Every structure is written in C-alpha cells, then in structure tokens.
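So the chains spell out like this:
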Amino acid sequence: MLSVFPSRALVDENFKVVVENLPPGSPVTLHSLHQCEDKHYWEAYGHYISNHRGTVSVTDDLSFGGTYTGKEAMGLLWSMRPVPGSREGLRLRKRNVCSPLLVNISVYRGHVVEGFREQAPLASSLTERWYMAPGGPCFYLQVHYLKNYFLVFFSFCPFPGLLDVWGGGGGLVEYRSALLGSHGYASLALEYFAPGELKSSDLEFNYFETAFNIVKDHPQVMPDKVGIFGLSLGASLTLLLAAESSIIKVSDILFVLCVCAIKIGPLTHIGLFYKPTLKSFFLVISFKVGRINCPVMVVNSHDDQNMATVESSEDMAQMMRAAGNLHLLTRLYYPDAGHLIEPPYTPHFRATKFVKDTKEKVILLWGGQTKPHSDAQEDSWKKILAFLEQNL
C-alpha cells in the first residue's frame, strides 16, 4: 500500500510518501512521473530497503541510489529529469496555473534504473501540486499599451501587492505570481516582450511605472504595501525602478527582491542579447544604485554561468555602503547553485534551450549542481517569504 499525504498541496509544501505491507528487508524503488503541458515526460526515482515492519518512508529513510541519495523527503520532485530519449535542453515550466501539476508516485519491486513504464508497479498514487490554491480568482487584462499581464489574489480583503518581473526568456510567466497569491499577496506578472522578439529596449521607462501603479492603485491592494520581485533581467529592471523612478516613491514600506541579479555595470559581454537602449538603463544603475532607500534582498549563486551575479552584488554593496544605506541590503549566497533560482522543488536545469532576439534557438548554460541548487531554492524561498512578511 502506497500513500502520499497530502495528496493535494501547493508546490512549495512538503509531502510524505509511505509504502506499507512489504516483506521486511525488501529492496524497492520509489518512482515519480509527470507529463508536462508540452507532452514531455519527467521522472525521478530512489532506491530503498523496507524496515523490519515492511515499511518505507521517503521522509525518514535513506535512498541508496537513483536520481537522489540520502534522506530526501522531496527528492522525488526536485531531482526530476526528462526520461531517457527526450529532446535536449528541456525546461519544466507550468503555463496553466489554474490546473495542477499531476505527479504519479509508484513503487516497484527491486532496485530499478530504467524501463519503468514497461513494468507493473506494486502500487501507485496520484498527487496534485498547485501553484494557485484551488478557488482563487485571477485576471488577464490589457490596459493602455501594456502587454498582457496576470494578476492574482484571494478573497476580498486588501492585500500587500507585488510586481513580478521575469527575465530574458520573455513571455507572460505566471506560476510564481500564482504561488505568491496563494501566500496572500496580490501579485502582477508582467509581460514586457515576447520570446524571439526582444523589444524590451524599445519600451519607455513608464511602461514599468504604469504596471507598478496598476498594482498600487488596485482597490484590493494596500497602496503603502507594495514591492517588486525581479529575476535575472527582471532583477536589473527592479533595481532600476527602485533607483531611478520618479513615479514610484521609494520608502521604508517598498521593498525590492532580486533573484540572481544581472551585472549592474557595463553589459558589453551580453550585447548579443540586449540592445543599446536597454544597456544604457543598466549603466545608470551602476552609478546611482546608492539612491535606493528601501529594503532590498539579493539572491546570488556562486555557480551562475549566465551572469557575474556575485561580483554585481559586491559592487552594489560598495555603492550602498558609500551612500550610507548598506543596512537596507540583505544578500543570500549559495555555493554550487546556478542562475535559475525558482520556487522550491522545481527541477534543476543546468542548460536549456533559449530563443535569441534573432529567433535562433541556442542552448544556454545556467550553471548549478542539482542537489545544492535544489537546497538553495528551498532555503531562499523560506527566506523570501520571511522577508515579504517582515516588510509587507
């Protein structure tokens, strides 16, 4: 008998996987399987031996092999990878956040390493992993010249607000905003260019100011409790807004959260991707980041193979120290983690396909090692939520 509890949960919640009624001392394999919206299959597995009661607990027992080893309660999720024979450079991302990630957990006799779908499991259980808590409203709107954006919140009380700005992959990325909404924040995910159409440099600065004001002025948002959350390119835009915007009034109630902040000095080494207009924005940051006068959290990874993020945060700290506001800066460092710090238990991607502004598809190296990267995602998310709670 195999049980998963809870069988329905948010993606950042732990679950417990237990197998009972096995013969004592039996070698078994716990296996997870997910088919993503692109119809690709992802899997993870661990090798266990049942105890004297004929029980295996993924939370309490050691995995002796597989895609993860040791005592790893969530290893069946964070160590997922495309099944053998899949295309190169895949990345698992949820598009429709109004439906769950469905993960089938199975137990097999013996220590299996391949051919899971050709074998009959001893038992299976289907679990649902949600970004947006079931029953929460969300809205797709088009306002003035903004591209589509996604706004999510729950019930009808006023909430603290967040502007969620993603990176150079473009498109409307909703799943982090959905998860933040599930934690009580009115979160707006903003699309500012489409994949293969790198036009962010053509946008006026007030495009982002308008998006911020949509959050702040929404009747279900507390206007004095609004922050900005940026990843990758979005982290640099976040710093730019905090340092340079005359519309966004930076005070001790606005905060900036930058995950894997991009280089805040000259960006000549990535000129292939970003046009000169946008590069000039970042040069402004390198001189005026000391103007930031609100709490800032920066999450950096030492094995970021995409950008010089650690050096950038050091530069930022020196500028803020010179301006007398270093006390507002919180920095998190993670050895052997890569560029893409996502919500916990998201599978690690060291390199994935990326669409350049020429619409050419390339393999882009993000960096990181699976176990430390996954640990970084879990630890940073807890600290991000604590930072939100403290400041908003």
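Residues numbered from 1 in each chain as written. Predicted model: local features only at pLDDT ≥ 70, side-chain atom pairs only at ≥ 80, totals over all residues. Heavy atoms only, no water.

The protein chain has the name Acyl-CoA thioesterase 16 in an unreviewed UniProt entry, where Sander lucioperca is given as its organism.

A word on the sheet that holds strand β3 (residues 16–19). With respect to topology, three strands assemble into an open sheet ordered β1-β3-β6, the strand pairing being antiparallel. Where the open sheet ends on each side, the last strands, each with one partner, are β1 (2–5) and β6 (56–57). Here four bridges tie β1 to β3, and the two strands are oriented antiparallel to one another. What sits directly across from Leu-2, in β3, is Val-19. (Pairing = 2+ DSSP bridges. Helix = DSSP H or I, 4+ residues; strand = E, 2+ residues; numbered from the N terminus.)

On inspection of all chains with the given rule, the structure shows 13 salt bridges. A salt bridge links Glu-342 to Arg-91; the nearest nitrogen and oxygen atoms lie 3.0 Å apart. Pair noted here: Glu-342 is in the loop between β17 (329–334) and β18 (351–355) and Arg-91 is in the loop between β7 (81–82) and β8 (101–109), with a separation of 251 residues, a long-range link. Residues participating in the shared-partner salt-bridge network are Glu-72, Lys-371 and Asp-375. (Salt bridge = Lys/Arg side-chain N within 4 Å of Asp/Glu carboxyl O.)

What follows deals with the sheet that holds β7. Here we have six strands laid out as an open sheet, ordered β2-β9-β8-β4-β5-β7, and mixed in their pairing. Because the sheet does not close on itself, it has two edges, and the strands there are β2 (8–10) and β7. In the sheet, β2 pairs with strand β9 (residues 123–130) via three bridges, with the strands oriented parallel. Looking at the pairing, Arg-8 lines up with Glu-128 of β9.

Looking at where Asp-304 falls in the secondary structure, it is placed in the loop between β16 (296–301) and α6 (309–323). For the buried Asp-304, no salt bridge is present, and the opposite-charge side chain at shortest range is Arg-350, 9.5 Å distant. At a separation of 3.5 Å, a polar atom in the side chain of Asp-304 contacts the side chain of Thr-309. Looking at Asp-304, its side chain comes within polar contact range of the side chain of His-339, at 2.7 Å. (Buried < 20%, exposed > 50% of the residue type's maximum accessible area, 1.4 Å probe, protein only. Lys, Arg positive; Asp, Glu negative; His and termini not counted. Polar contact = N/O pair within 3.5 Å; in protein donor to acceptor, adjacent residues only side chain to side chain.)

An α-helix turns once per 3.6 residues; consequently, residues spaced three or four apart project the same way. Over its twelve residues, helix α3 (residues 206–217) runs 15 Å from end to end, which matches the ideal 16 Å to within 8%, given 1.5 Å per residue. Those residues of α3 that sit buried are Tyr-207, Phe-208, Glu-209, Ala-211, Phe-212, Ile-214 and Val-215. (Expected span 1.5 Å × (residues − 1).)

If you trace the backbone, Ser-245 turns up in the loop between α4 (233–244) and β15 (255–259). The spatial distance from the C-alpha of Ser-245 to the C-alpha of Asn-206 is 8.6 Å, given a sequence separation of 39 residues. Filtering out sequence-adjacent residues up to four positions away, Ser-245 remains in contact with Phe-205, Glu-209 and Leu-240. A polar contact of 2.6 Å, which involves the side chain of Ser-245, links it to the side chain of Glu-209. (Contact = heavy atoms within 4.5 Å.)

With a probe scaled to a water molecule rolled over the atoms, the places where space remains empty come into view. As enumerated under the stated definition, the model contains two cavities of 30 Å³ or more in all. Size it by volume and the largest cavity reaches roughly 180 Å³. Lining the largest cavity are 15 residues, and of these Leu-92, Leu-101, Tyr-345, Thr-346 and Pro-347 sit closest to its centre. Its residues assigned to classes, the lining of the largest cavity comprises ten nonpolar, two polar and three charged. By volume, the second largest cavity is sized at about 50 Å³. Lining the second largest cavity are ten residues, with Ile-341, Glu-342, Pro-343, Trp-381 and Ile-384 sitting closest to its centre. Looking at which element gives the most residues to the lining of the second largest cavity, the answer is helix α7 (residues 370–391), with four residues. (1 Å grid on protein atoms, 1.4 Å probe; cavity = no way out; pocket = protein on both sides within 12 Å on 5 of 7 lines; lining within 4 Å. Points joined across faces, edges and corners; volume = space filled by probe spheres on them. Nonpolar A, V, L, I, M, F, W, Y, C, P; charged D, E, K, R; others polar.)

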